[in-house]
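Each chain, letter by letter, is given below.
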Amino acid sequence: MKRGKNMLAYAARVALFFKQKKGQLQNRKQRKILERGQYTKETAVIDTTQAVQVLEKIRPCEKAECEELTFRGGCAVSVIIPVYNAAGTLSKCLDSVCGQKLTQDFEVICVNDGSTDSSADILSEYEKRYPELVVIEEENRGGAGARNCGLQKAEGKYLFFLDADDFLPQGVLQKLLDDAQKSGAEIVIGKTAKCLTSREIIVKPRTEGSREEKSLWSARKYGMGTPWGKLYKASLWKRTQFFEGYGFEDSIVYLDIYPQCKKFYLEGSPSYCFRSGKNSLYKRQKNSAKGIDALWIVIKAVQHAQEIGVDIYNSEYYQLILWHLSTVMYGRLTQFESREILESAFVVAAEFISKTFAGKAEYAFVGDESEKEIYRLLEKSFQERDFGTWVQCSKAL
């Protein structure tokens, strides 16, 4: 049995390796097309007013409100778990976190977000067994609302988000807490292992040397842009919460939380086991009208960043916005298979960049020369409303 599982794990690693290689080859191909100019430059014909109307007819831009929170520091770590119809994976998730051994007190806050399966019964059973586990019953508010509810109740000096589909390696919370306290980092980012749901096969990432990091761009490239799998100093969330009603609300992690951080710590070993199932929040959002939120949430996040004192004219922050409004937005909007929707989003993004980031004459991009050149072209495409170049840059990044 063990040998068979090892063989499956090896096969999964090989399959993942070739999938990544395929993605890298496709990326190189798109970069070659861009470098050789083998694409069509095309000025957008939709004006900004018309573009907004097209997008809001499908998905209006909602309000994004945050309140000021107080974290009392009554324990070392608060683990926040939103739970929605997760009966099939919840026990493994709770076993992994309640079984963590810490030298300091910690709490596990589970927010049952209106589940209609047996999740509530499982939570009730675990609450009786583990004094550190607190269960909150809520009407369905979505992942953002459930996490915000957890933030409002959290007592910890540090915060950690965990999804009910996923689970933790043994001893990881103590390791991340030690990393944070020894380095003085405000965010500790770990590596993510992938769990194949069919056979519980875990594909571990390559272990790297741990290091301190001050670059926003380097931290962005190291970890996934999700709230989970990272240990945060609670004060980073004092004036920022998840935007309820939005899809891809975890974008605020890159756009509002990371920019407040003066020092990151990049943990080189696996710190989180991610399970991608059919019921995952990302998959439910991607195939819906919420795809347009890939644009709206960036606009709202930048506005909020200014309100809390983030230097949005920092070159790395500006580059992060360009990345979000190109390859990230493009990837989430192609599902509509509509030139009008894609061009409308580009026009609104170009108008937003023009009005918001005109505070500096020139921004310095980071990365290798090839990557810097793509960002120069991307910036120019927004300035000139060149839809064709924007599409090709989005494919190449």
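Each remark here, short or long, concerns the structure printed above.
Everything in this summary refers to the structure shown in the same document. What you see is a predicted model, and the numbers here were worked out from it, not measured in a lab.

1. What about the side chain of S271?
Phase 1: One can find S271 in strand β9 (residues 264-275).
Phase 2: A distance of 3.2 Å separates a polar side-chain atom of S271 from the backbone oxygen of S269.
Phase 3: Not counting the four nearest positions on each side in its chain, S271 is found in contact with F160, L168, P169, V172, L176, G190 and K191.

2. Quick look at unusual backbone geometry
Phase 1: A positive phi angle, near 55 degrees, is found at F248, a position not held by glycine.
Phase 2: Relative to the helices and strands, F248 is located in the loop between β8 (230-233) and α8 (251-257).
Phase 3: By relative accessible area, F248 is classed as buried at 1%.

3. Structural notes on helix α2 (residues 48-58)
Phase 1: Among all positions of α2, only A51, V54 and L55 are buried. Mapping the buried residues of α2 onto a view down its axis gives an arc of 90 degrees, with all of them on the same face. Within α2, the exposed residues directed more than 90 degrees away from the buried face are T49, Q53 and K57.
Phase 2: Against the buried residues of α2 lie α10 (293-307) and α12 (339-356).
Phase 3: Capping the start of α2 is the job of one residue whose side-chain oxygen sits 3.3 Å from the backbone nitrogen of T49: D47.

4. Describing the environment of G247
Phase 1: Tracing the sequence through the fold places G247 in the loop between β8 and α8.
Phase 2: Residue G247 is classed as buried on the basis of its relative accessible area of 0%.
Phase 3: For G247 and A294, which are 47 residues apart along the polypeptide, the C-alpha to C-alpha distance reads 7.5 Å.

5. Let's talk about the pairing of strand β1 (residues 75-83)
Phase 1: Within β1, nine of the nine residues are buried, which leaves it mostly tucked inside the rest of the structure.
Phase 2: Here β1 runs beside strand β4 (residues 156-161); their pairing, made up of five bridges, is parallel. Across the sheet, the residue bridging to S78 is L159, located in β4.
Phase 3: Where β1 meets strand β2 (residues 106-113), seven bridges bridge the pair, whose relative direction is parallel. Bridged to I81 within β2 is C110.

6. Quick notes on the nonpolar core
Phase 1: With 126 residues, the main nonpolar core has I81 and W237 as its most contacted residues.
Phase 2: A per-element tally of this core places helix α11 (residues 315-333) first, with 11 residues.
Phase 3: Discounting chain neighbours no more than four positions away, the residues touching I81 are C93, L94, V97, V108, I109, C110, V111, L162, D163 and A164.

7. Comments concerning the environment of V77
Phase 1: Relative to the assigned elements, V77 resides in strand β1.
Phase 2: Counting along the chain gives 79 residues from V77 to G156, while the straight-line C-alpha distance between them is 4.6 Å.

Conventions used here
Residues numbered from 1 in each chain as written. Predicted model: local features only at pLDDT ≥ 70, side-chain atom pairs only at ≥ 80, totals over all residues. Heavy atoms only, no water. Helix = DSSP H or I, 4+ residues; strand = E, 2+ residues; numbered from the N terminus. Polar contact = N/O pair within 3.5 Å; in protein donor to acceptor, adjacent residues only side chain to side chain. Contact = heavy atoms within 4.5 Å. Buried < 20%, exposed > 50% of the residue type's maximum accessible area, 1.4 Å probe, protein only. Arc of directions from axis to C-beta. Pairing = 2+ DSSP bridges. Core = buried A, V, L, I, M, F, W, Y, C linked by side-chain atoms within 4.5 Å.

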